[in-house]
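# Structural overview
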Amino acid sequence: MLDKFITPAIKPLLKPVVIILDKCGLNADKLTVIGFIIGMFALPLLAFEFYYGALVVIILNRVFDGLDGALARHQQQSSSAGGFLDICLDFLFYGAIVLGFALADPAQNAVAAAALLLVFIGTGSSFLAFAIAAEKFSLAKPQFKYKSFYYLNGLTEGTETIAFFVAFCIWPQHFSLLAYSFAVLGSITIFTRIHGGYHTLRQINNDE
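Cut-offs and rules
Residues numbered from 1 in each chain as written. Predicted model: local features only at pLDDT ≥ 70, side-chain atom pairs only at ≥ 80, totals over all residues. Heavy atoms only, no water. Helix = DSSP H or I, 4+ residues; strand = E, 2+ residues; numbered from the N terminus. Expected span 1.5 Å × (residues − 1). Buried < 20%, exposed > 50% of the residue type's maximum accessible area, 1.4 Å probe, protein only. Arc of directions from axis to C-beta. Polar contact = N/O pair within 3.5 Å; in protein donor to acceptor, adjacent residues only side chain to side chain. Phe/Tyr/Trp six-rings, centres within 6.5 Å; stacked < 30°, edge-to-face > 60°.

A word on helix H2 (residues 28-40). Relative to the 18 Å expected for 13 residues at 1.5 Å per residue, H2 spans 18 Å between its end C-alpha atoms, a close match to the ideal helical length. Listed in full, the buried residues belonging to H2 are Ala28, Leu31, Thr32, Gly35, Phe36 and Gly39. End-on view of H2: buried residues confined to an arc of 135 degrees, all on one side of the axis. Of the residues that open H2, the one with a side-chain oxygen 3.2 Å from the backbone nitrogen of aspartate 29 is asparagine 27.

This part covers the packing of aromatic side chains. Considering all chains together, one arrives at 14 aromatic pairs under this definition. Considering the side-chain rings of tyrosine 94 and phenylalanine 120, the 6.2 Å spacing of their centres and the 50 degrees angle between planes classify their relative orientation as tilted. In this pair, tyrosine 94 is assigned in helix H5 (residues 80-104) and phenylalanine 120 in helix H6 (residues 106-136), connecting sequence segments 26 residues apart. Neither tyrosine 94 nor phenylalanine 120 differs from the other in exposure class; each is buried. On the numbers, 6.0 Å between centres and 40 degrees between planes, the contact of phenylalanine 165 with phenylalanine 168 is tilted. Separated by 3 residues within a single helix, phenylalanine 165 and phenylalanine 168 lie in helix H7 (residues 158-170), roughly one turn from each other. Pair check on accessibility: phenylalanine 165 and phenylalanine 168 agree, each one buried. Of the aromatic side chains, those joined through ring pairs into one cluster are Tyr51, Phe91, Phe93, Tyr94, Phe101, Phe120, Phe164, Phe165, Phe168, Phe175 and Phe182.

Structure, rendered in structure tokens:
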């Protein structure tokens, strides 16, 4: 929900770093992989309850996630391949964070983590399934023109996900409550995406 407001605000802040990275000869795909590797260190850190260390790693991963797209646009190398790599590694990263909390305290966190992972499957699949159809029908991307594929927004997007991840790390003793709360919000996103996507595509088919 907040991505369309947050992303334009942080883009100017990334520009100086992007220029330096470009001069160093890096490309967006390398940044995506580096950020993913850094982010995956959160899994063992969370499992062993080093929550603030995991928080630092999560933030670094998100910084790299912002920089890779900005660098691709700066170098005029935005591509479907890069977008595909980015979204796949993002979802793996998201799942790893939830798994880390489940491993940290299985008795307390496992069921809540499983519920949240189920919601992640729903939000991710509805998001990507519509993107395939949007590409087929060449739908315009009015709110996210810079994205490499159609970005179907919802109540819980990247900004909200990271906000909850930060909350998980600051208040790990309340992970279950926070995870269930996030799962409820994510369920609303699933419903709106499926409902809106279905009726949008049905209308397109009727108009043909």
